[in-house]
Amino acid sequence: MGKKTISMVGVPMDLGQSRRGVDMGPAAIRYAGVVERLENLGYEINDLGNIEIENVGKDAKREIRNVNAIVEVNRKLAHTVEKIMEEGSFPLVLGGDHSIAIGTIAGVSKFFHQLGVIWYDAHGDLNTPETSPSGNIHGMPLATSLGLGERDLVNIGGYAPKLKYENIVIIGARSLDEGEKDLIKKKGIKVYTMHEVDRMGMSAIIEETIAYLKNKTDGIHLSFDLDALDPIYAPGVGTPVSGGVTFRETHLALEMLAETNLITSAEFVEVNPILDERNKTGSLTVELIGSLFGERIL
C-alpha cells in the first residue's frame, strides 16, 4: 500500500436498501478480527469507531428512500475520510450498505486530480432516481459520484463530479438494470461482467485493469461489495446474486492489486450478519482485507 498507518471507520447504516441487517456489518468485521489481522501484517491501526446514524425522519422526497438521513451520514463520512487523508493515513471504511461510497469518494477525491475507482460488485450501482426500479440509494453511489442523480447527494463535499467515466472499472457485474446498461454503453464505462471473468480469468482482468488505470490516474479507490462473491462463499450479504466470483479468484485479485501499491483507499460493504452463517462472511471479509494489505500464503 505504501502506507503503514491505516485509519478505520465503520458506517453502521442500512438505510440505502430495503433489507435490514447490514448496519451490523462493521461490528461483524471487527468481531472477526480485522484489527489483529492488519496489526500482524505490521500496520498501525487507528480505529476511529463508527459514524453516528441519526434517527430517520420523514423524507421530503419520496422517489428515493431515506435520502435526508443518507445525505447527513455521507457528509459526516466525507469529513472523516478527508481528515484521514490530510493526516497521511490510509482510509479503510467498513459498511454498511453501498450508499456509503458516496461519502468515502467525496472525502478521497479531493486529494487527486484523476481518481480511479475499481468497483468490485455484482451490481453497477449506476442508477439514478429516474432509472432505479426500487428507489434504493445503495444502487446509486457510482452514478452519484459521477454527478448524476439527487442534487443533495451529488454535491456532498461541495463539488461535483468526483469521478470521470473513463477512470472507472467495474468487476464481477451480473445484475444490471436497463438504465445502467444504457449508461455503460453510452459513456463507454469499462465493465468486466461474469462472462469476462469466466472467459478471460481473473488474472488477465486485473492485469488489464491495472494497465487501464495506472498511467491516467494518480490514486485508485477500491469499492468492494461482498455480493460480488457467489453466495456459496459469502451468504451474509445485502443483495445476494448467484453465479458470482469465487473465494480464490477474489483473493488473487486483491493480492495482485496489493502488489501494485496503487490502491490509496478502500471500503468493504454489504456484510449482513442476519443472513450469515456463524459470521462466515465477516470472517471472509477479514481474510480479503488481509490480502489487499499484503498477506500471502507463503
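It should be emphasised that the depicted structure is a prediction, and the values quoted were computed from it without experimental measurement.

(A) Main features of the overall build of the chain. For the chain, the helix and strand inventory stands at 11 helices and eight strands. Taken over C-alpha atoms, the radius of gyration comes to 17 Å for the chain, in line with the 19 Å a tight globule of 298 residues would show. The principal-axis extent of the C-alpha atoms belonging to the chain is close to 55 × 40 × 40 Å. The contacts of the chain with a sequence gap of at least 6 include a subset with a gap of at least 24, amounting to 75%. Distance between charge centroids for the chain: 3 Å, based on 30 positive and 42 negative side chains.

(B) View of the environment of His195. Relative to the elements of secondary structure, His195 occurs in helix H8 (residues 194–200). Spatially, the C-alpha atom of His195 lies 19 Å from that of Tyr212, the residues being 17 residues apart in sequence.

(C) The arrangement of the packing of helix H9 (residues 202–214) against helix H10 (residues 247–260) in detail. Where H9 meets H10, the closest approach of the two axes is 9 Å, and the angle between their N-to-C directions is 30°. Looking at the two axes, H9 sits roughly parallel to H10. Judged by the twist between their axes, the crossing of H9 over H10 is right-handed. In this structure, H9 uses Met202, Ser203, Ile206, Glu207 and Ile210 to contact H10, whose residues at the interface are Glu249, Leu252, Ala253, Met256, Leu257 and Thr260. Its residues assigned to classes, the contact of H9 with H10 shows seven nonpolar, two polar and two charged.

(D) Structural view of the packing of helix H3 (residues 67–86) against helix H4 (residues 101–108). Taken N-terminus to C-terminus, the directions of H3 and H4 make an angle of 35°; their axes are 7 Å apart at the nearest point. Like other packed secondary-structure pairs, H3 and H4 cross with a definite hand, here right-handed. Here H3 contributes Asn74, Leu77, Ala78, Val81, Glu82 and Met85 to the contact with H4, which in turn contributes Ile102, Gly103, Thr104, Ala106, Gly107 and Val108. Tallied by class, the residues present in the contact of H3 with H4 amount to seven nonpolar, four polar and one charged.

(E) Just a nonpolar patch on the surface, in detail. Taken together, the side chains of Met24, Ile274 and Leu275 present a nonpolar region at the surface, about 250 Å² in accessible area. Tracing the backbone shows Leu275 in the loop between strand S8 (263–269) and helix H11 (280–292). Of the residues examined, Leu275 reaches a relative accessible area of 34% and is grouped as partly exposed.

(F) Main features of the packing of aromatic side chains. Scanning the model with the defined rule gives four aromatic pairs in all. Measuring from centroid to centroid gives 4.7 Å for Tyr120 and Phe224, while their planes differ by 10°, and the two rings are stacked. With a gap of 104 residues between them, Tyr120 in strand S4 (residues 115–120) and Phe224 in strand S7 (residues 219–225) connect regions that are remote in the sequence. Neither residue differs from the other here; Tyr120 and Phe224 are each classed as buried. Here a set of aromatic residues connected by ring pairs shows up, and it is made of Tyr43, Phe90 and Phe293. A cation sits over an aromatic face here: Lys162 above Tyr159, 4.8 Å from the ring centre. Its guanidinium or amino end placed over the ring of Tyr212, Lys216 lies 3.5 Å from that ring's centre, counting from NZ or CZ.

(G) Inspection of the pattern of salt bridges at higher detail. All chains considered together, the criterion is met by six salt bridges. A salt bridge links Glu295 to Arg37; the nearest nitrogen and oxygen atoms lie 3.0 Å apart. Taken together, the residues span a long stretch of sequence, with Glu295 in the segment after H11 and Arg37 in helix H2 (residues 34–40) at a distance of 258 residues. On the basis of relative accessible area, Glu295 is assigned to the partly exposed category, the value being 21%. One salt bridge in this structure joins Glu178 and Lys181, with 3.3 Å as the shortest N-O distance. Of this pair, Glu178 and Lys181 both sit in helix H7 (residues 178–187), separated by three residues, roughly a single helical turn. The class for Lys181 is partly exposed, based on a relative accessible area of 33%.

(H) Layout of the UniProt feature "binding site: Mn(2+)" (unreviewed entry) in the chain. What UniProt calls "binding site: Mn(2+)" (unreviewed entry) maps, in this numbering, to His98, Asp121, His123, Asp125, Asp225 and Asp227. Taken along the chain, the residues just named run across 130 residues; in space they keep tight, none of their C-alpha pairs more than 12.3 Å apart. By the element assignment, His98 lies in the loop between strand S3 (90–95) and H4. You can call His98 buried: its relative accessible area is 0%. For Asp225, the residues in contact, after removing those within four places along its chain, are His98, Tyr120, Asp121, Val269 and Glu270. Side-chain polar atoms of Asp225 contact the side chain of His98, separated by 3.3 Å.

Procedures and definitions
Residues numbered from 1 in each chain as written. Predicted model: local features only at pLDDT ≥ 70, side-chain atom pairs only at ≥ 80, totals over all residues. Heavy atoms only, no water. Helix = DSSP H or I, 4+ residues; strand = E, 2+ residues; numbered from the N terminus. Rg over C-alpha atoms; globule rule 2.2 N^0.38 Å. Contact = heavy atoms within 4.5 Å. Lys, Arg positive; Asp, Glu negative; His and termini not counted. Charge placed at Lys NZ, Arg CZ, Asp CG, Glu CD. Axes fitted to C-alpha atoms, helices over the stretch in contact; angles between N-to-C directions. Parallel < 35°, antiparallel > 145°, perpendicular 65-115°, else oblique. Left-handed = near helix turned anticlockwise from the far one by under 90°. Nonpolar A, V, L, I, M, F, W, Y, C, P; charged D, E, K, R; others polar. Patch = residues over 30% accessible without salt bridge, like charges linked within 9 Å, V, L, I, M, F, W, Y side chains within 5 Å. Areas by Shrake-Rupley, 256 points an atom, 1.4 Å probe, with all protein chains shown as cover. Salt bridge = Lys/Arg side-chain N within 4 Å of Asp/Glu carboxyl O. Buried < 20%, exposed > 50% of the residue type's maximum accessible area, 1.4 Å probe, protein only. Phe/Tyr/Trp six-rings, centres within 6.5 Å; stacked < 30°, edge-to-face > 60°. Lys NZ or Arg CZ within 6 Å of the ring centre and 35° of its normal. UniProt positions renumbered as here; feature names shortened; annotations may be inferred. Polar contact = N/O pair within 3.5 Å; in protein donor to acceptor, adjacent residues only side chain to side chain.

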